[in-house]
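Single-letter residue listing:
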Amino acid sequence: MKVKDKKSAVGVASRAATLLDVPLLFELMMDGSENGAFTDRFLTGTGMFRLMLLIVVGVFRSRWWLGSRGLTAWTMLDAQGETIGFMNTKSGVDGKGAATTVLVHLAFKPEYRNMGFGAAAVKAFLAAQPDGAIVTVYCTKYARAMQHLLKTLRFKRHIGGTPMPFALETYLFAVDRAAGPEPAHAPVVGLRDRSRTRDVLEGADEGFSTAR
């Protein structure tokens, strides 16, 4: 069956990225940069070199857990027998011991977009977060699909700026498992949560970008 004939997502499995995944990661990152969903800092010759270096080092570090604070995780997303996209996240703990995570990138191959895989991947990611965790996503104004997805999943849009100048929209999700088996959304206090996010971003790898 051709991909375009598939009706909907049937589930997404995640795995740690390996060096064999670097070409696909680079391709999807460049695609997102070119269409405006990601930052455009990688669209120069120097930027492309830095992006490749970022991916290779990031994949190696995340797979072998070298360094603990602010670790960037590159995760491949598989479905229907093949790799269809990736998710890049950065997790840490603020000064008060609260878990905080930034969903940095989420991208799929063109033939697997608008099929529900993004929602399935984000739902699975939220379900894996500890109770009380704050999940933050930054979007450029061109990341319309991602903004729509986040609103559908009950992320709350935060007004008041972001710690990254190229991220024009900030969305927050506070995991509250007391509401039931699914990760419900707890009340979010904007400035407090932004300070948590800034702790995670401190010392971040070059190339932090917005999610699509």
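I will try to describe carefully the structure that is included in this document. (Residues numbered from 1 in each chain as written. Predicted model: local features only at pLDDT ≥ 70, side-chain atom pairs only at ≥ 80, totals over all residues. Heavy atoms only, no water.)

## Examining unusual backbone geometry
With phi around 50 degrees, glutamine 80 is a residue other than glycine that occupies positive phi space. Relative to the helices and strands, glutamine 80 is located in the loop between β2 (72–79) and β3 (82–93). Although it is not a glycine, arginine 154 adopts a positive phi angle of roughly 70 degrees. Looking at where arginine 154 falls in the secondary structure, it is placed in the loop between α4 (144–152) and β6 (156–158). Judged by its relative accessible area of 46%, arginine 154 falls in the partly exposed class. (Helix = DSSP H or I, 4+ residues; strand = E, 2+ residues; numbered from the N terminus. Buried < 20%, exposed > 50% of the residue type's maximum accessible area, 1.4 Å probe, protein only.)

## Quick look at the packing of aromatic side chains
On inspection of all chains with the given rule, the structure shows 3 aromatic pairs. Ring centres 5.7 Å apart and planes at 70 degrees place the aromatic pair tyrosine 112 and phenylalanine 117 in the edge-to-face group. Residue tyrosine 112 is classed as buried on the basis of its relative accessible area, which comes to 1%. For phenylalanine 117, a relative accessible area of 0% puts it in the buried group. Where phenylalanine 155 meets phenylalanine 173, the ring centres are 5.1 Å apart and the plane angle is 50 degrees; that geometry is what we call tilted. Note that phenylalanine 155 is positioned in the loop between α4 and β6 and phenylalanine 173 in strand β7 (residues 169–176), a separation of 18 residues in sequence. Each member of the pair, phenylalanine 155 as well as phenylalanine 173, is classed as buried. (Phe/Tyr/Trp six-rings, centres within 6.5 Å; stacked < 30°, edge-to-face > 60°.)

## Notes on the environment of valine 22
Along the chain, valine 22 falls in helix α1 (residues 22–34). The residues touching valine 22, leaving out its near neighbours within four places in the chain, are Met52, Ile55 and Val56. (Contact = heavy atoms within 4.5 Å.)

## Thoughts on a nonpolar patch on the surface
On the surface, Leu19, Met52 and Val56 cluster together to form a nonpolar patch covering roughly 230 Å² of accessible area. By relative accessible area, leucine 19 is classed as exposed at 53%. (Patch = residues over 30% accessible without salt bridge, like charges linked within 9 Å, V, L, I, M, F, W, Y side chains within 5 Å. Areas by Shrake-Rupley, 256 points an atom, 1.4 Å probe, with all protein chains shown as cover. Salt bridge = Lys/Arg side-chain N within 4 Å of Asp/Glu carboxyl O.)

## Some words on the side chain of glutamate 169
You can see glutamate 169 is positioned in strand β7. Polar contacts involving the side chain of glutamate 169 include one to the side chain of arginine 157, which spans 2.3 Å. When near neighbours in sequence (up to four residues on either side) are disregarded, glutamate 169 contacts Val137, Tyr138, Cys139, Gln147 and Arg157. (Polar contact = N/O pair within 3.5 Å; in protein donor to acceptor, adjacent residues only side chain to side chain.)

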